[in-house]
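One-letter residues, chain by chain:
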Amino acid sequence: MLVETRAGRFVREHFEAMVFTHLAEELRTGDVAVVGSEVYADWSEQTLAREDVQEKPANYLVEVGLCEEGEAGRCRSIQS
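Quick look at the structure, then. (Residues numbered from 1 in each chain as written. Predicted model: local features only at pLDDT ≥ 70, side-chain atom pairs only at ≥ 80, totals over all residues. Heavy atoms only, no water.)

1. Some thoughts on the side chain of Glu-26
Part 1: Position of Glu-26 relative to the elements: it lies in helix α1 (residues 12-29).
Part 2: Buried charge without a salt bridge: Glu-26, with Arg-28 as the nearest opposite-charge side chain at an N-O distance of 8.4 Å.
Part 3: Setting aside its immediate chain neighbours within four residues, Glu-26 contacts Asp-31 and Val-32. (Helix = DSSP H or I, 4+ residues; strand = E, 2+ residues; numbered from the N terminus. Buried < 20%, exposed > 50% of the residue type's maximum accessible area, 1.4 Å probe, protein only. Lys, Arg positive; Asp, Glu negative; His and termini not counted. Salt bridge = Lys/Arg side-chain N within 4 Å of Asp/Glu carboxyl O. Contact = heavy atoms within 4.5 Å.)

2. Examining the pattern of salt bridges
Part 1: All chains considered together, the criterion is met by two salt bridges.
Part 2: A salt bridge links Arg-12 to Glu-16, with the shortest nitrogen-to-oxygen separation between them at 2.6 Å. Taken together, the residues span about one helical turn, with Arg-12 and Glu-16 both in helix α1 at a distance of four residues.
Part 3: Look at Glu-16 and you get partly exposed, because its relative accessible area is 30%.
Part 4: A salt bridge links Arg-28 to Glu-25; the nearest nitrogen and oxygen atoms lie 2.6 Å apart. Here Glu-25 and Arg-28 lie together in helix α1, a separation of three residues that amounts to about one turn.
Part 5: Judged by relative accessible area, Glu-25 falls into the partly exposed class, the value being 35%.

Here is the structure:
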C-alpha cells in the first residue's frame, strides 16, 4: 500500500481501489447515500410486493433442507 521509495506515500491505485471498495459496500448497506440519487431511480419501484414473495421463505427452507416438503405450517413457524 505504501510506496517503498517515498516514505509515508500511498500507491495511488491501491488507495483508490480501497476507497471505492469501501464506498461500494457502504452504498450497498445503505450507510452512505448520494444526494440527488432519487432523480435516477426510485428504490421502492424495485421492491417486490409481499403477495409475490409470501411463499418463497417456506420454499427456500425446503430447498436448503431445513424443512420437509409439505410441512408448510412448520416452515412458517420457523420463520417467525
